[in-house]
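# Structure at a glance
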Amino acid sequence: MGFTAGDVPSQQGKCFIVTGANAGLGFAASSVLAARGARVVLACRSADKAQAAMARIQADVPGADLAFLPLDQADLASVRAAAEQAHTEPRIDALINNAGVMYPPLIRTAQGFEPQFGVNHLGTFALTALLLPKLAETPGARVVVTASLAHRFGKIDWNDLDAHKSYKTSQRYADSKLANMLFLYELDRRLRAAGSPVMAVGCHPGVAATELGRHSGATQFAFRYFRRLLNTAEMGAWPALQAATDPVAEAGGYYGPQGFGEMRGDSGPAKRKATARDPQRARRLWDVSIEKTGIDPGLPPV
């Protein structure tokens with residue numbers, strides 16, 4: 001038996017920031033955390049969608065302690081503003097980096113980045129870096145990085161990170177998820193070496209039927225006709241919940257579904273591609289991310 005929502009212990013007195021919390025995995029995780037007594041800050045692009053999500057949670061969890069944090073990871077100015085507002089929270093016990101895009105058309109971020117690398121990795125990198133000092137105020141605080149099975153197909157074209165030469169949506173998505181994995185690896189190494197009280201933990205949802213694949217007709221077709229073989233959004237949130245709340249989760253650990261091919265089921269330890277643990281790639285990505293975002297986490301190299 002693996003980890004499910006029923007294994008999430010009381011979170012009374014704790015505060016969680018969940019990005020992309022108005023729908024899908026983020027909403028499911030937020031609902032469970034609120035039900036366990038946590039203060040949940042829903043970091044979302046749309047105020048209307050965030051308020052609607054909060055109303056749904058409060059209907060199931062009367063008295064839930066919820067707040068809205070404006071965040072658009074496609075704009076680093078928004079990321080900076082969100083981090084500044086988040087610093088006013090009395091405490092932050094975990095940042096659950098869940099927000100992401102999948103297979104969008106080549107519409108560039110505010111700073112001109114390829115959208116999947118820009119949102120899925122650079123937005124996550126920037127927000128995490130800006131919140132590390134706040135997280136460090138709470139012993140045992142965690143950063144959760146959400147990756148994907150797709151990271152196994154990632155390559156990262158260092159000579160075309162911004163997709164000026166080519167743009168294949170599925171490959172760019174896989175590349176962004178490999179970037180998430182490399183970031184998790186390097187963040188964990190640097191936090192440990194610095195003696196930081198913050199712990200980095202990774203997860204992936206398996207194959208969950210959510211609106212993430214809304215830009216791909218083929219993906220939506222698969223979700224519709226093979227739904228019974230896939231994780232629901234609620235099940236897909238279990239690995240993130242384990243990474244964020246399991247008392248025995250390991251620093252640098254990586255969690256995902258335990259069923260066939262890690263596509264569905266209860267959460268537990270997940271496998272990662274060897275490339276995701278490559279220290280040279282991880283350090284190169286770290287340096288490139290600082291260069292592109294102008295934000296330095298302030299953690300020396302190992």
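Above: the structure in question.
Described in the following lines is the structure provided in the data block. (Residues numbered from 1 in each chain as written. Predicted model: local features only at pLDDT ≥ 70, side-chain atom pairs only at ≥ 80, totals over all residues. Heavy atoms only, no water.)

## What to know about the overall build of the protein
Across its full length, the protein carries nine helices and eight strands. Taking 19 Å as the expected radius of gyration for a compact globule of 302 residues, we find that the protein reaches 18 Å, a close match to that expectation. In terms of overall dimensions, the protein has C-alpha extents of about 50 × 45 × 40 Å along its principal axes. When the 302 residues of the protein are sorted by exposure, 58% land in the buried category. A separation of at least 24 residues holds for 73% of the contacts in the protein among residues at least 6 apart in sequence. Split by element, the accessible area of the protein, about 12800 Å² in all, is 53% carbon and sulfur. Computing the positive centroid from 33 side-chain charges and the negative centroid from 27, the protein places the two 6 Å apart. (Helix = DSSP H or I, 4+ residues; strand = E, 2+ residues; numbered from the N terminus. Rg over C-alpha atoms; globule rule 2.2 N^0.38 Å. Buried < 20%, exposed > 50% of the residue type's maximum accessible area, 1.4 Å probe, protein only. Contact = heavy atoms within 4.5 Å. Areas by Shrake-Rupley, 256 points an atom, 1.4 Å probe, with all protein chains shown as cover. Lys, Arg positive; Asp, Glu negative; His and termini not counted. Charge placed at Lys NZ, Arg CZ, Asp CG, Glu CD.)

## Thoughts on helix α9 (residues 279-293)
Residues separated by three or four positions in an α-helix point in the same direction, a consequence of the helix having 3.6 residues per turn. Spanning 15 residues, α9 covers 21 Å between terminal C-alpha atoms, matching the ideal 21 Å at 1.5 Å per step. All of the buried residues in α9 are A282, L285, W286, V288, S289 and T293. The backbone nitrogen of Q280 lies 2.9 Å from a side-chain oxygen of the residue at the head of α9, namely D278. Remark: G294 follows α9 within two positions and exhibits a positive phi of approximately 70°. (Expected span 1.5 Å × (residues − 1). Polar contact = N/O pair within 3.5 Å; in protein donor to acceptor, adjacent residues only side chain to side chain.)

## Details of the pairing of strand β5 (residues 142-146)
For β5, the buried fraction is high: five of the five residues fall into the buried class. With burial as the criterion, each face of β5 is covered, one bearing R142, V144 and T146 and the other bearing V143 and V145. Where strand β4 (residues 94-97) lies against β5, four bridges are found, and the strand directions are parallel. Bridge pairing links N97 to V145 in β5. Remark: the β4/helix α4 (residues 115-135)/β5 crossover connection has right-handed handedness. Of the pairings in the sheet, the one linking β5 to strand β6 (residues 199-203) comprises five bridges and is parallel in character. Paired with T146 across the strands is C203, a residue of β6. As a crossover connection, the stretch from β5 through helix α5 (residues 169-194) into β6 is right-handed. (Pairing = 2+ DSSP bridges. Right-handed = clockwise from strand over helix to strand, strands pointing away.)

## A look at empty space enclosed by the protein
Under the counting rule described, the total for this entry stands at three cavities of 30 Å³ or more. Here the largest cavity is characterised by a volume of approximately 70 Å³. Together, 13 residues line the largest cavity, and L25, N98, G236, A237 and A240 are the ones closest to its centre. Only α1 (24-35) and α8 (238-245) provide two or more residues apiece to the lining of the largest cavity. The biggest single contributor to the lining of the largest cavity is α1, with three residues. Around the second largest cavity, the lining residues are E114, F117, I156, D157, L161, R172 and D175. The residue inventory of the lining of the second largest cavity, partitioned by class, reads three nonpolar, no polar and four charged. (1 Å grid on protein atoms, 1.4 Å probe; cavity = no way out; pocket = protein on both sides within 12 Å on 5 of 7 lines; lining within 4 Å. Points joined across faces, edges and corners; volume = space filled by probe spheres on them. Nonpolar A, V, L, I, M, F, W, Y, C, P; charged D, E, K, R; others polar.)

## Thoughts on the packing of aromatic side chains
This model, assessed by the stated rule, comprises four aromatic pairs. The interplanar angle of 85° and the centroid separation of 5.5 Å between the aromatic rings of F125 and W286 together place this pair among those described as edge-to-face. Taken together, the positions of F125 in helix α4 and W286 in helix α9 put the pair 161 residues apart, joining distant regions of the chain. Pair check on accessibility: F125 and W286 agree, each one buried. One cation-aromatic arrangement involves R56 over F27; the distance from NZ or CZ to the ring centre is 3.9 Å. (Phe/Tyr/Trp six-rings, centres within 6.5 Å; stacked < 30°, edge-to-face > 60°. Lys NZ or Arg CZ within 6 Å of the ring centre and 35° of its normal.)

## A look at the environment of E186
Mapped onto the secondary structure, E186 falls in helix α5. By relative accessible area, which is 1% here, E186 ends up buried. For the pair E186 and R283, spaced 97 residues apart in sequence, the C-alpha to C-alpha distance is 6.7 Å. A distance of 2.8 Å separates polar atoms of two side chains, one belonging to E186 and the other to R189.

## So, the sheet that holds strand β1 (residues 15-19)
The pairing of strands in a sheet happens through backbone hydrogen bonds and is either parallel or antiparallel. A sheet is described by the order of its strands in space; here eight strands give the open sequence β3-β2-β1-β4-β5-β6-β7-β8, paired in mixed fashion. Of all strands in the sheet, those with a lone pairing partner are β3 (65-70) and β8 (267-269), marking the two edges. On average, adjacent strands in this sheet sit at an angle of 25° to one another, irrespective of strand direction. Where helix α2 (residues 47-60) meets the sheet, it contacts β2 (39-44) and β3, and its direction lies at approximately 170° from that of β3. Across the sheet, helix α3 (residues 76-86) is in contact with β1 and β3; its angle to β3 comes to roughly 145°. (Axes fitted to C-alpha atoms, helices over the stretch in contact; angles between N-to-C directions.)

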